[in-house]
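Topology and contacts: notes
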Amino acid sequence: VAKEVRIVDKVTTDFHNTALEAFLFQNVNIVPDKFLREMRESNSQPNRRTYENIIGLFCKNQDIDAAVGMMISKESQLSLNETVAAHLIYCHCARGEYFEAEKIAGKLTVSAKNKLHNSFLLGAACNGDIDRLRDYIQADAISDKDLLDALVLLGSKEEDSVILDKLPLENSSSLAQVCRRPVKQLIENGCVHQAEAVIMKTEEIKSNSSTKVKAMMISPSVILLNKIIQHQNDPNIILEKIQNLQAVDSRILERSVILLVDFSLTNPSKKLECQNIINGIISNGHDKIKDDIENLLSQYVTEKVRNAANEDEVITIVKHTFHLGLKLQHMREWSTIMSKLIPPNVHHSQE
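What comes next is a walk through the structure. This structure is a prediction, so every number in the text was calculated from the model and none was measured. (Residues numbered from 1 in each chain as written. Predicted model: local features only at pLDDT ≥ 70, side-chain atom pairs only at ≥ 80, totals over all residues. Heavy atoms only, no water.)

Some words on the packing of aromatic side chains
Quick reminder of the rule: Each aromatic pair joins two rings of Phe, Tyr and Trp (for Trp, the six-membered one) with centres within 6.5 Å, and gets the label stacked for planes under 30 degrees apart, edge-to-face for over 60, and tilted for any other angle. Helix and strand definitions follow DSSP, with helices as H or I runs of at least four residues and strands as E runs of at least two, each counted in order from the N terminus. Definition used: whenever NZ (Lys) or CZ (Arg) falls within 6 Å of the ring centre and also within 35 degrees of the ring normal, the charge is taken to sit over that ring.
Throughout the structure, instances matching the rule amount to 2 aromatic pairs. Relative to Tyr136, the ring of Tyr98 has its centre 6.4 Å away and its plane inclined at 45 degrees; by these criteria the two rings are tilted. On the criterion of sequence distance, the pair formed by Tyr98 in helix H6 (residues 98-106) and Tyr136 in helix H9 (residues 130-136) is long-range, its members being 38 residues apart. Linked through ring pairs, Tyr98, Phe120 and Tyr136 together constitute an aromatic cluster. Seen from the ring of Tyr98, Arg132 lies directly overhead, with NZ or CZ sitting 4.2 Å from the centre. The positively charged end of Arg181 is found above the aromatic ring belonging to Phe25, 3.7 Å away from the centroid.

Here it is as structure tokens:
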């Protein structure tokens, strides 16, 4: 008999700090006073890490008065350390208060000050100050990740080249390793052009070249192409984007077919348009393109059918793939289809 296991660990200060950092990373709206109150109610006392994160939240919201108030309060007992300074400098720069930011940096040691270049950079990007960006971007300590974060904060501006030109020209594996989240944020913010420019500078890496449907959906090239398919009405432009993305994603042809199948399944009026694009992909694809498509399609259909609410949905999925000119060739999807359509045998005992 299996033994029941229950997690009964005490909710600690570290747990709250980790949760707070996760919320901040995901841009979840936090009410600081409420968070601190609930923390104390669970007998977890806020510590330096907690207060530093709360100051970071205030600075992210450009509330410099609340941030400074928290730092100098008896409750936090914080000093102007490197972490607090980084938050305050970002906040001042984001508000266009560069003199105040420099004053804070001047209170630190030279070695600590040299680690704060990205705070100046990100704050200027948030403020949309291109002249300051040009100055701060020259620092040797600025990384590709810093540049991508600055690009997200800058948003859709004509002067985005000041950041894009500083990134590697092409075939960058290091950029590929850090670009997934910024690319997703850029696309969510409507900065599709900037996201595409970043992706085209990357090199294909293992984590972005999976043959599994679930894993492929978080690949930067797939995130981008999915957005293009959903909002671009010209099939020729979609085909052109797919062809271009082959330079950074060797699996984009078969991946694009799955995106087109999924998009047209939920948007039936786009079925013919998607079918024509799929035909263009197959006719101009490599020798193994049909096999690669069938492998991904098998996974996609299997999962869709498994999650189907009823028989009608299953039939719709199967018919849809056939109408697009695609074949279901693997036993995996057919076994799942049949298990959904054919009820289990009911054995009656003979009287």
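Section: helix H21 (residues 311-323)
Put simply, the rule is: By this rule the span expected of a helix is its residue count minus one, scaled by 1.5 Å. Here, two residues are considered to be in contact whenever any of their heavy atoms come within 4.5 Å of each other. We call two N or O atoms a polar contact when they sit within 3.5 Å, provided that within protein one can donate a hydrogen and the other can accept it, with sequence-adjacent residues counted only if both atoms are side-chain atoms.
Under the 1.5 Å per step criterion, the end-to-end length of H21 is 18 Å for 13 residues, consistent within 8% with the ideal 18 Å. Buried residues along H21 sit against helix H18 (252-266), helix H19 (271-283), helix H20 (289-306) and helix H22 (331-341). Where H21 begins, one side-chain oxygen reaches toward the backbone nitrogen of Asp312, 3.1 Å away; that side chain belongs to Asn310. Looking one or two places after H21, you find Gly325, whose phi comes out positive at around 80 degrees.

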